[in-house]
Amino acid sequence: MPRPDVPPAALLIAACGGRVTRTRIAVLEILQDSPRSLNHDDIAAQLAADGMPHDRVTLYRTLDWLVEQGLAHRVIGPDRARRFKAGGETRSQHAHFHCDRCGHVLCLESIRPEEQFALPVGFQPERAELVFHGTCADCGRQRGGKA
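What counts and how
- Residues numbered from 1 in each chain as written.
- Predicted model: local features only at pLDDT ≥ 70, side-chain atom pairs only at ≥ 80, totals over all residues.
- Heavy atoms only, no water.
- Patch = residues over 30% accessible without salt bridge, like charges linked within 9 Å, V, L, I, M, F, W, Y side chains within 5 Å.
- Areas by Shrake-Rupley, 256 points an atom, 1.4 Å probe, with all protein chains shown as cover.
- Salt bridge = Lys/Arg side-chain N within 4 Å of Asp/Glu carboxyl O.
- Buried < 20%, exposed > 50% of the residue type's maximum accessible area, 1.4 Å probe, protein only.
- Helix = DSSP H or I, 4+ residues; strand = E, 2+ residues; numbered from the N terminus.
- Expected span 1.5 Å × (residues − 1).
- Contact = heavy atoms within 4.5 Å.
- Pairing = 2+ DSSP bridges.
- Axes fitted to C-alpha atoms, helices over the stretch in contact; angles between N-to-C directions.

Undergrad: Would you mind showing me how to read a nonpolar patch on the surface here?
TA: Taken together, the side chains of Ile111, Leu130 and Phe132 present a nonpolar region at the surface, about 220 Å² in accessible area. Accessibility expressed as a relative area gives 35% for Phe132, which makes it partly exposed.

Undergrad: Sorry if this is basic, but what is going on with helix α2 (residues 22-33) here?
TA: The end-to-end C-alpha distance of α2 is 16 Å, a good match for the 16 Å that twelve residues give at a rise of 1.5 Å each. Those residues of α2 that sit buried are Thr23, Arg24, Ile25, Ala26, Val27, Leu28, Ile30 and Leu31. Lining the buried residues of α2 we find α1 (8-15), β1 (38-39), α3 (40-49), α4 (56-68), β2 (72-76) and β3 (82-86).

Undergrad: What should I look at first to understand the sheet that holds β1 in this one?
TA: Each strand in a sheet pairs with its neighbour through backbone hydrogen bonds, running either in the same direction (parallel) or in the opposite one (antiparallel). In spatial order, the strands read β1-β3-β2; together these three strands make up an open sheet with antiparallel pairing. Here the strands that pair on one side only, and so sit at the sheet edges, are β1 and β2. Alignment of β2 against β3, held across five bridges, turns out to be antiparallel. Within β3, the position partnered with His73 by the bridge is Lys85.

Undergrad: I keep staring at the pattern of salt bridges and nothing clicks. Help me out?
TA: Once their charged atoms are close, side chains differing in charge can pair, the charge on each being opposite to the other. The final tally for this structure, using the stated rule, is three salt bridges. The shortest N-O distance in the salt bridge between Arg56 and Asp41 comes to 3.6 Å. Of this pair, Arg56 sits in helix α4 while Asp41 sits in helix α3; the two residues are 15 residues apart in sequence, bridging distant segments of the chain. Overall, Arg56 belongs to the partly exposed group, its relative accessible area being 45%. Through salt bridges with shared partners, one network takes in Asp64, Arg74 and Arg82.

Undergrad: How should the sheet that holds strand β4 (residues 95-99) be read in this particular structure?
TA: Taken together, three strands build an open sheet; the order of strands is β5-β4-β6 and the sheet is mixed. The open sheet is flanked by β5 (105-108) and β6 (131-134), the only strands paired with a single partner. Here the strands of the sheet are splayed against their neighbours by 20° on average, with no regard to which way each runs. Relative to β5, β4 runs antiparallel, the two being bridged by four bridges. Among the inter-strand pairings, Phe97 is bridged to a residue of β5, identified as Leu106.

Right, dumping it as structure tokens:
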């Protein structure tokens with residue numbers, strides 16, 4: 001039974017066999033609490049707002065570790081910025097929707113990339129990425145109000 005004084009994020013990190021650090025816990029909690037994917041700067045700003053000291057290298061390493069452990073997944077947008085969301089893509093490959101106006105990336109858990117397609121001889125797929133582009137609901141409302 002989980003101890004009430006141990007944050008759930010710490011339990012997830014420990015279950016992966018990783019060192020449970022303040023930065024890992026804080027970053028994972030930020031990702032879990034966010035309804036949208038976040039880029040490095042968004043996460044750094046939230047850490048600073050929470051009074052959590054950090055440096056860029058540690059934050060990059062923490063995000064990479066969370067992705068490697070399947071506790072978070074990474075999406076690279078057309079602007080080449082990496083965005084992160086809690087939940088592991090390796091266990092749950094799914095499609096994403098990218099808003100071309102504000103950059104918001106939404107996980108579409110119900111749409112799974114299928115690997116039943118013909119590739120040339122000798123080619124072996126390891127993962128698939130499916131990204132829809134358009135306008136999110138917030139940007140659509142803003143645009144609709146200006147018309």
